[in-house]
Structures are given as structure tokens and as C-alpha cells.
There are 2 protein chains.
Amino acid sequence: MSAPRTPDFQPSFHTQHAPFGAFASFSIGLVGSPGGFGQSLRGAGHQNVYVGYRTGDAPDALWQMLPFFRPPQSNEGAFTGADPGNSVAPTGFTMLEPSAYERTLGWASDTWRAGSGRFGFSLLSPFAPIADPARMSRAAARFALAPVVTGWIEFDNRTGKTPVELMFGIGELDRLQRPVADAGLDLPGFAVGPDFGYATARSAAVGQRLGFDVFAPKFRDYRGLHVIGGESALTFKVPAGQKKRFPLVLAFFQGAAVTTGISAGYAYAQFFENLEDVLAHGLANRARYESIAARRDRELASSGLDADQQFLLAQAAHSYLGSTQLLWHKGKPLWVVNEGEYRMMNTFDLTVDHLFWELKWTPWAVRNALDLFVDRYSYTDKILAGGKSVPGGLSFTHDMGVMNHFTPDGHSSYECDHLHGCFSHMTMEQLLNWVLCAVTYAEKTGDVKWLRKRKAILLACAESIHRRDNPNPALRDGIMKHDSARCGTDGSEITTYDSLDVSLGQARNNLYLSVKTLGAWILLERAFKHLGLHEDSADARATADLLARTIATKFEADTQSFPAVFEKGNRSRIIPAVEGFVYPLYLGIKEATARDGRFAELLDLLSKHLCGILKPGICLDGKSGGWKMSSTSTNTWFSKIAIAQHVIRSLFPEAMTEAARAADRVHADWQRRPGCGEHAMCDQINSETGIVCGSRYYPRGVTTILWLLK
Amino acid sequence: MSAPRTPDFQPSFHTQHAPFGAFASFSIGLVGSPGGFGQSLRGAGHQNVYVGYRTGDAPDALWQMLPFFRPPQSNEGAFTGADPGNSVAPTGFTMLEPSAYERTLGWASDTWRAGSGRFGFSLLSPFAPIADPARMSRAAARFALAPVVTGWIEFDNRTGKTPVELMFGIGELDRLQRPVADAGLDLPGFAVGPDFGYATARSAAVGQRLGFDVFAPKFRDYRGLHVIGGESALTFKVPAGQKKRFPLVLAFFQGAAVTTGISAGYAYAQFFENLEDVLAHGLANRARYESIAARRDRELASSGLDADQQFLLAQAAHSYLGSTQLLWHKGKPLWVVNEGEYRMMNTFDLTVDHLFWELKWTPWAVRNALDLFVDRYSYTDKILAGGKSVPGGLSFTHDMGVMNHFTPDGHSSYECDHLHGCFSHMTMEQLLNWVLCAVTYAEKTGDVKWLRKRKAILLACAESIHRRDNPNPALRDGIMKHDSARCGTDGSEITTYDSLDVSLGQARNNLYLSVKTLGAWILLERAFKHLGLHEDSADARATADLLARTIATKFEADTQSFPAVFEKGNRSRIIPAVEGFVYPLYLGIKEATARDGRFAELLDLLSKHLCGILKPGICLDGKSGGWKMSSTSTNTWFSKIAIAQHVIRSLFPEAMTEAARAADRVHADWQRRPGCGEHAMCDQINSETGIVCGSRYYPRGVTTILWLLK
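Position labels on residues start from 1 in each chain and follow its written sequence. Whichever chain is written first becomes A and whichever ligand is written first becomes 1, with later ones labelled in order. Where totals are concerned, whole chains, interfaces and linings use all residues; where local detail is concerned, this predicted model gives features only for residues with pLDDT of at least 70, and gives and counts side-chain atom pairs only at 80 or more. Based on all heavy atoms of the structure, the side-chain values leave hydrogens and waters out of the count.

Trainee: Break down the overall build of chain A for me, with residues and values.
Mentor: Across its full length, chain A holds 19 helices and 27 strands. Only C-alpha atoms enter the radius of gyration; for comparison, a globular chain is expected to reach 2.2 Å times N to the power 0.38, where N is the number of residues. At 27 Å, chain A has a C-alpha radius of gyration in line with the 27 Å of a compact globule built from 710 residues. For chain A, the spread of C-alpha atoms along the principal axes amounts to about 85 × 55 × 50 Å. Contacts are assigned to residue pairs with any non-hydrogen atoms lying within 4.5 Å of each other. Long-range contacts, defined as pairs at least 24 residues apart, comprise 69% of the intrachain contacts of chain A with a sequence gap of at least 6. Computing the positive centroid from 73 side-chain charges and the negative centroid from 72, chain A places the two 5 Å apart. Each helix is a run of H or I in the DSSP string that is no shorter than four residues. Each strand is a run of E no shorter than two, and both are numbered from the N terminus. By the counting scheme adopted, Arg and Lys are positive, Glu and Asp are negative, and His together with the chain ends is not counted. Note on charges: their place is set at NZ of Lys, CZ of Arg, CG of Asp or CD of Glu.

This is how it looks when you write it as C-alpha cells:
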């Protein structure tokens, strides 16, 4: 989708161009900024990226460059002993203004056009359904798991009178570069150590530059390069009268174990020997990769979504891929999605949101994470009831570790004790997340065999949810009211909305969490039935009914809306009141979502709630018009907006006013401006300013895939 | 050696604390600056280093910290969605002024004292003779090659009335940290991925901190840590009335192949399983490491050198170790010294200067490099004579690659074609370097077997030197006058003094290179004799005599000195005129160095030359008093000064005026000030300002070991 462009608003944002499962990205797009290759980073890389062309073959013909580098002070001075102050930055180029080029971000592609469309440069991030890597053939695994990004650079010089030269390259002064050919791969291209690099196909039209200055290489060795230079580029000649497109392959490779706690390496390292193997593979298979990317682009273009929505899906898909990490441990795949800038591993709050995306492309990944949550990241706690510590039940950790480190059994990297806000435990939230993920996975894929294997876990989860309502069955109303003893007597549980205000942060007596609990019971009823556990199914159904009635009693007649927390006179208004309905909605459990069905009363109240709050000044920001998760916080989360939008469009269309609908443009513009765009897809955004306030470089925007469901 | 301290001059310099052969350093010392762990970097790392103590156990007792960190803006805000502008930097500490602590750099230790000497912190970089790793026992290899730095932190609280707490830690927000224990090593400590970390011994006195703020940890998980925080520290309690010293171990580990071109990993990875293995080993063997470090310190302290000279040796040894890299390739050791900030591998100009150091500690390393120069980095060129290209002969490349990349056979990373200055070929210089290293190695170690194996190479070298004088034997005068055809018809060879002015840069008709050639012939005469090649020995002797006579004819009667270049009326004055005599001097070839011996005439002229130029305004800088390699360049190189000083003290003591001797203080102060000290040992220095202008973080200062020769 071309972003809308006005003289006042030129889109400027990084996009992560990432292979599947390599926790690696090639980031570019932010105007005036470097980016490039990054492995396990918390944001874009810092390499200059050289993409451009020049017309005419005179030595002084100026290069027309996309603005993705900062002209480096030449490193030459470090060798010649020159005063660094006298070091001369490269010349011989023009940095194109954003108005001089057009950028089109597709679901699986990112294309720049300049020179009246004659110059083109594109990077592709194809994605497709991937079979379970545990049972893949080697050929299939090489294709699906290759840590490669393909692309192309072209020029249509059919009407040109002079030759044109194209350039693609990077600058990396900290680590330098080497010719790809030096590691035995006879292709033009350059790499940084054994770790990442790029190449193109052999051709007489291709030139190689490596030195202090890609625009005017001053020092050339026997093959025209200077290996100490740190700046590299491929050049491509397009004769007058011809149109030529040249392939590009960008690859990553880490062959050794990269994680600690659990020591594991990348799955792709099982199927590729080294970086050169990946580069050669990428080049040989580029047509297949391109055709998949083109298919994804067509699907999004024909989705019926508007341009802003399409942009949001496209940007989200790119950042998600950059956070994915498929490891290999003891002969089996080990799935991780890293949490953007935080790099926490398989944060369960994200797993449950990535669910809809992953069930479409990689359903085995959901199961893989759920199994590891059971096998290593579960625990049985006590809860605090009436001042006493009594048995609680099973739950799961917030995450599995951080930045390539798996934390010890039963413990996350995030959760701390004795707290009431951020960094407290999320016992109830993660308990619901396991149930919701497990049942949704099993129902959607039909993998009843797996669900049966996990029957005891599911039963323990149901009991654990019950006990957090009240250890005494007679006193239950369905709502979580007892904090895990892990918090200590001087702490309390939080929800995934940790950094919002108390309206969403507190777990106990929380509207959002209560409706999510309702969603869990609806799914448990279904799952227990399929497992032949009729008594448990009936209990789940009864609990759901009880809980729905209880929630309904919290409706404020005077304001015609729900308070965010059923305590202390809280009167915050929150959109995620309806988030819990996304699961039965997704699974098509009509009797639970029908407005005239068993939850008719609650759904009607929620409709009133939504109609009342989706207004400027309440949950539409008074300044920007963007959606606010909570009326009392300017911190809003895009991925959660996307879920809410899907639920509201499907179940509460009456709440979708013109103002609410108009916010798509606002949300897209947030991401297209440097305030977010510096960090690719962002999630936590200040709803007044549109500037990111957390969750940068973030994978969770793929909740937008819900928008494609009819 | 304690650096001299005045109110106006507080020493401020980084020192590299480095294991042998790991191409890794823990750098600290620059006032107000981070440093910390660095692997294959071109300068100090960027981690905060927390070293200090606090008296009293009140929570608000201020930490007294060495100034090796910049108070980080807490990373907490990224999680809590807070405005980064409101992020609060840690408090609860005082950054010690340099006047409040004393630093003592030993040959193998670096110790800080504060609190009237009661607080102490020390890092040790022991070095000792190391046997050939190809024939080491596993136990010996583990001890000699462990990528570990040991140290200690202590407090003498015997007169104290309150407990004291000590701290050692680092901050690494880009990569975060994890408890060492999570990878199965039951020690207090923290690591960054599988790559580097630190630990101490188990003790009830030891505490661990990991989070956003080591001074006031706000968030604590079940074990009191917060794994997402990125800042870590160990704390140590010293009760009132006691003196306690706690051990520290700092370790590095890279298990996979790290180089390309030749794909090789570290030798230590053959003998250690992982980082934890290294940490445990370091702790278990710390007493042995400490005793070696103490022995080295004592040797230097009792050397008779003055405090400034001792400082220079100590700082040099540390930076040399940080550049060493012992690889393992196809079952054999592969020796590399990286060239400081440039990271060129086995730059031959450095190999020949490291010779004196390495023949003392690791003579096999010299042979290892010489063999690889023959087997992979040699070539046979043509030379340009009378406008024609005629056969030249054998020579060697300037280096073997750069930044962990081995360049292809017969080519360096540095040398380019068609140039007259920096980056041109150094064919003659490297040819001499091979001869000088090979013969010095064989003569010093008595490894005649190896020399015999390389007899053909030695003969080819002699012939190659001859031909670069003149292809026609009848026209030879001993001086190199023909450039390698590798330079092209529009280029010419340079010397290792590439970035100085033409007085040292040009190879042809160069005084420095001519005397170095003389050194080579003197050594060849000796070597050929030992190989029974009497005719060749006689030829070498005759050539040396011829060359000495020729050089003598270049003496300028009017100025009583030699011109730097015997061309174009050059009248630069250079100190390295005598560098070539260091080899016969080192080998004790008295007949070649005796002032009344066969080269008496030349030595007398050189004496006049030196006496004339070692004066302020000529080769002593008029402003600083430091030695200038060339009268016409302010770029001077410390490592080369050190060689010249040794030769002049030994052979030309009459030139060692008071002013020339006083420069030791100048040279030491250059390195002790931030102008050089920011980059640990520096080599290329502006002689007026004392500020580095190239060759930062540089290994070559170990030429100072010559000063220990009696």
C-alpha cells in the first residue's frame, strides 16, 4: 500500500525485513537513518544502507540515493594518521528527498520507486503456511527455514540515452566486511564475518566496491577492493535502451548455540552449513520466494481492507517475522517469539495474541509453546484468602526468559514479588492464556489427540480458575478475587496491561480479566465436551453463566457503562471489556456470541458500554482521534486496539461510529511517522502525540490478521 | 608503578585486562568512562563498570564508586511506558574524584586503592613462558590458554566500627545479563549470553544484584534479581573489625568458528566446554595466576627502569595481550596478533617488532606466523627496472587479513595498487621482515632444524633482496632501488612508516630501509653459515660490506647527518636510521655492532647523525620534548621510539643527551592522559600535542621489552 503523501506528511518508518525464525532483521525506511542487518537486536541496526542509481557513466555523475545512510567520515584517517577533524565525508551523491521517491509496503514486500518510476528496489519477506519442522523433509526445511531475505534492484532504461548504474550496499565500520567469494562462494557480494551478508548473481553487469567510500573508491587492491574499508556495495550496469532487474539476497547465519538456560541453536543450522550456503540457496530459490511474496501481497490488496488497514497489517507482519526464533534442542524444534525491544521469550500475553496469526501459518508453534509452558514454565501456587495462604492451583509464568536466556523452571524474567504494579505476577492472566491458547489451538486444528494428552492440565486449570474466585465453591461468583501468594502479602497480581493505569493493571475484580475469564469458561465447556468430560463441561457452562450474570451486575445504571475495576469506586472506561469475546468469536461458537443468545444480557450491556465510550474525550483521544484502551490513560496499545476493533465490528457494529472508524488513518499515521517509525512496528503509543512510549520493534501487531476474517 | 600525580595532572587511561590469545579485553581506567568486556573490538567496550564500597549498612549509605561508569537512565521506563524524559538516573553513590584514589599499574596487574588505602581492587593479566600449544598436555593448555582474567576486591575494616560493603559489577543494556548459576555453575556471578561474564566464590558475605539499578534495586524476583534489567553487581560484606579480600574471575568464551577465509575457532575452545567451565577454572586456579602476576610485577619493579619506563612496559604488555589470538585450525595452533584498532591480522611490520617479546614468552608463535607467511602469504613478483617488468623474487604480504577474515593466498587486506603513499605495497619491507624474524628466531631458540627446512626460502629471500637492488649483479650497491610491479607503473613501494611523511614512507633509496637491509644481510651471513651454505654466507657478508659503504657515502658532510631518502634532495632527519641494528644487537653479533668493528665507519657516521638530530626542534619535539621519528613529521610512533632508544642506549650512548633521556616522562604522560589513554596503549601520536593520531588500542608497545636487555 502506498502511504498517503501530502507536502506536510512524508511517511518515514523503518520496516523489518526478516526471514522466518531467525530473530534477525534487515531494517530500513526511516528517512535519514541507517539500519541494515541486525541479529537479536532491540531496534534497528546502525549500518549505512546504500541504495540508489546514477545516470550517465561520467565519473562525476551524481548518485541518486535513498536516504538510508549518514555520510560517514572516512575511516581512512585512522590509517593515514590524519587529523580526524580534516576527514572528508564522501561526496558524489544526492540524498533523495522523500518527495522524490515512492514507497509501497505490501504484506510481504517493500518497494521503492524513484526517477519517475524507472528505478526500483524491493525487499521481500515471504511467509506461508509452514509444516511442523519436526517432520519436515530436508528440502522443505531448507526452503521454509532459510535465514534469507530476497529482493531486487532494477532500472527501466528503455528510453534512456546513456547507461545507468545501480547500487546496493552497506557500511559497517565496527565489524568490517569481506568478499563472499573469500569463503568459497563464487558470487559478487559481501559479508560481515560468518554472520550476515548479501550477494547477487554473477553477471558482467555487476561490479563490487569495498573500501572507505563506496561512491569514490580511492584505494584498490589486485581485485579492485580494499578489505580494510568497511563500506561495501554492489553496482549494476543498465545499458541505454534496456530494462534490467538484478536479484539481491540478504542472509544471516549463527551456527553455534545462541541461548543459555536451555542451550540451543537455530533450527536452520540443522539444514544449512554456513552463510554462503544460505546465500546460494536464496539466489537459487528466489523465484519461489518471490512468488509467495507476490501471492501474499495480492491477498492483502484484494482483502477489502482500506489502505490504512492494509498498511497496518503489512507493517505488523514484517515486525512479527523479525521477532520469531525457531531453535533446535535435543533433536526437536523449540519455538520462541521474542518480545520486540524487551526480547522476553514467549511472553504468554503475546502468545495468546499471536494465536490467530500462528494458527493460520504455523499452528505447531502454538502447541510447541504450550508444551514448554507446561513442562518448564508452569507452577502450582498458593493464594491469599482471608489473610491466609491456602492452596491455589496451576498456572504459568509470564515468559520463558529474556534475550536468548531461558530462565529456570517455573520462573519468568519479568515477574517480581511484593509489587502492586508493573513487574508483579500475572498468575491469573497466564492461567487464562494457557486455557485460551490450548482450546483454541485444539478446536481450530482438530488436534484432539494433543488436547487429550493435556486433559489433566486442562482440568487443573479449571480448578485453579475456580479457586482464584473463591476457594469455597459456595462463595463463588466467577470473578477472580484472590491474588497469588507469589506476590507476597504486600503485593497483588497485575494483568498484561501492566503499564496502563490501574484501570487495566490490577487483576483482582477486573472487568477486562473477568470477560476474558468468561471466554475461558466458554472454551472449557467446549473442550471438556469433546474430551467426554461431561460433568466438567457442565460445570464450565454453569460457571460461565454465573460469571456473565455477575459481570452484568457491575453495570452502572447512571453512566450506562462498566467500571474498569469493581473496587474502590473506579470509574475508568475501557475498550478491552470485550476482548474476552474474541475467542468464542474466532472459533465460531455462535451460541456464546449471538446477541439474542445465552449471553444476550451481558452483550447488550457491553454494547451500551461501547457506544458510550467510543467517543472523543473518552476512549477516542480528544486530540488525535485514536482509540484509547482506557479513558484514564494516554498509553494505548495498537495490537489490542486491533483485537477490539475486530470484536466490535463483528459483535457490536452499532458502536462503530464514523469517528471510531476514522481512527484507522490515525493509527496508521502513528506508525508511518518517525515517532513510532524509528522502531518499526510499535505497540504502546501515547494517544495524544502518536509517539511510542513502550513496546518498540514489536511483533504483536499481527492481531490485525483478525481483520481478514469474514 | 604509581603514575606521578599532581593537582594538574591526574592519570586517566584505559588499560586492557586480557587473557592470552582470546582477542578479548576487559578495559577500564579512563576517568568518567565506561569500558568493560570487549571481544574483538577496535577499542574499549561500552559497559558501565561498577567498582566501589560503602561504609555503614544504612540503606542510605552512599556508595563510593570508581569513576568507570555513566549513571544510566533507567531502562525501567521502556517497560512502564513512562516518558523517557522523566526517567530517573540512579542515585545513592558518589563518583570518586581521581584525587581520591590511587592507581598502580604493574606489568601484570592494575590496582586501585581508596579510603586511605583500605579499599582495594585489582585485575591481573599474568603472562609467562608458554610452551608450543601443539604439544601441550590438556592440563597445561587449560592453564595457559584459559580465556580468563582474575582479580580481587578487598577492604581492611580492622579499625572500622561499622560493616562495609563492596561492589563489582557491569551494566550492559544492549545484551542484558543472566545469573551464571542458570547455566549450571553454582557461583555468584553474571554473564552476557554464552560469551562473557564474571563470578566470585560462594560465600555468605556475597550478594547478587541484577536489575535496572545496582545501587537501589527496586524490583526483586523470587531470588532477589530482575533478569530483564541489564545492570548487575556482586556485593561483598566486610564486618567491622575484619579485613577481607574476595576473588573475582572474568571470562570470555566463543566456541564456534570465528574467522573466515580460513575458518577457525579459538584454541581454548579445544580445552574448555563453555564460559562456566572457564569461570570455574579461573576461580580454582586463581592462586597460581596471582603468583605469576606477582612474579612479573616484581621483575619489572626490580628491573632498574625508572617509573615512567616501567609504566610504559606495563601498559604495553596489557594491550599486546588484548590483541593476541590463538586459533585452532585442522588440529593445529594458528597464531594471530591483531593490529589494535585496525585489527589487521599478523601485520608483518608488527610481527617483526613483537619478535623480541615473543621470543621470550612464546617463540613458537614467531615460527607459526613465519610458516603461514610462507605457505599462504608469500608471492613471487616482478619488479620494474628501466621501464620494464623483469623477474623480482619472493616476498610476503603486509598482513594476513583483517577483523577475523583471512584474505586469499598471496594477498593482504591492506595493500593496494597504483599508489605512492599509504596502502601501497611493502614488498621489500616484508621480505626483510621474514629474513629478520626467521634468522632471529632460529638463532635465539637454536631451532636450526626449522631453519634448515626453510633453507630454500631463505636463499630465495637473499636473491630477492639482491634483485630489488639491481637485477644486474654488476650494478648493485646494496640499496633497494626497484619497486615491485604489484605497485603498477604508476605506483611505488612504501615502508611500514606509511603514514609518516615521505622521509619514512618511500621504500626506494630509503635510509631506514637500507640500514634494515644491512641488518638482514648480517643475519643472513650468520644463518647461511650455520646451514653450511658458505658461498651464500660469504656473499651476504660481502653485500653487507658493500651496503655499509654505500650508505656511508650518503652522509652529508655539511649537515653531519644522513638524509632520510637518497633522492630528490631530501633532507629530513630520521631516528630509525639505526633501527636495522637492533637485530645484530639483539643476537649479540658483536663484530657487526662493535664501534671499532667492521662497520666502524658507518656506526661513527650514524653516531654523528644521532647526536645532531636528538635535539629540540629536530627529532625532539620543540614543544613537548618527545622523540620524533622524523624531523619533518609530527606523527611519531612510540613502539619505534622504544626500539631506537634501546639501540641508541646500547650502541650510541653519546647521543643520549639529558633532553633525550627526559623524554621518557613525556612519552609516559602521553599514554597516561585521555588523548591517548581513551584507547589504552597508543602508537601513532602527535608529538606536539601528545594526542593519538592512529594505531589505537595497539599491541606494539611491547618493543619496550628490549629495555630489559642488559
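Trainee: Go over the sheet that holds strand β20 (residues 332-337) of chain B with me, naming the residues and quoting the values.
Mentor: Two pairing modes exist for strands in a sheet, parallel and antiparallel, and in both the strands are linked by backbone hydrogen bonds. All names here are of chain B. Judged by pairing direction, the sheet is antiparallel, and its 3 strands sit side by side in the order β18-β19-β20 without closing on themselves. In this open sheet, the two edge strands, each paired with only one partner strand, are β18 (265-266) and β20. Think of it this way: DSSP has to see at least two bridges between two strands before they count as a pair. With 6 bridges connecting them, strand β19 (residues 324-329) and β20 associate as antiparallel partners. Pairing of W328 across the sheet is with P333, part of β20. Axis lines are fitted through C-alpha atoms, for helices just across the contact stretch, and the angle between N-to-C directions can take any value from 0 to 180 degrees. Together, β19 and β20 form the strand contacts of helix α5 (residues 307-323), whose direction differs from that of β19 by roughly 25°.

Trainee: Tell me what's going on with the pairing of strand β16 (residues 231-238) of chain A, and back it up with residues and numbers.
Mentor: Residue and element names in this part refer to chain A. Buried, partly exposed and exposed residues are distinguished by accessible area as a fraction of the type maximum, computed with a 1.4 Å probe on protein chains only: under 20%, between the cut-offs, and over 50%, respectively. The element β16 is largely enclosed, with a buried count of 7 among its 8 residues. Of the pairings in the sheet, the one linking strand β11 (residues 164-171) to β16 comprises 8 bridges and is antiparallel in character. Within β16, the position partnered with E165 by the bridge is K237.

Trainee: Summarise the interface of chain A and chain B; cite the residues concerned and give the values.
Mentor: Tallying the contact residues gives 60 residues for chain A and 59 residues for chain B. What gets called buried area is simply the loss in accessible area from a 1.4 Å probe that two parts show on being joined, summed for both. Interface of chain A and chain B: buried area, both sides summed, is about 4400 Å²; carbon and sulfur atoms make up 63% of it. We define a salt bridge as a side-chain nitrogen of Lys or Arg found within 4 Å of a carboxyl oxygen belonging to Asp or Glu. Across the chain A-chain B interface, the total number found is 2 salt bridges. Between R42(A) and D174(B) there is a salt bridge whose closest N-O contact spans 2.9 Å. In protein, a polar contact requires one atom able to donate a hydrogen and another able to accept it; more generally it is a pair of N or O atoms within 3.5 Å, and residues adjacent in sequence count only if both atoms are side-chain atoms. Remark: the boundary between chain A and chain B carries 14 residue pairs in polar contact (both at pLDDT 80 or more). The set of elements that each furnish at least two residues to the side of chain A that touches chain B consists of α1 (76-80), β12 (178-179) and β27 (692-694) of chain A. When the residues that make up the side of chain A that touches chain B are grouped by side-chain class, the tally is 28 nonpolar, 17 polar and 15 charged. In the scheme used here, Gly and all other residues not listed as nonpolar or charged are polar, with Ala, Val, Leu, Ile, Met, Phe, Trp, Tyr, Cys and Pro taken as nonpolar and Asp, Glu, Lys and Arg as charged.

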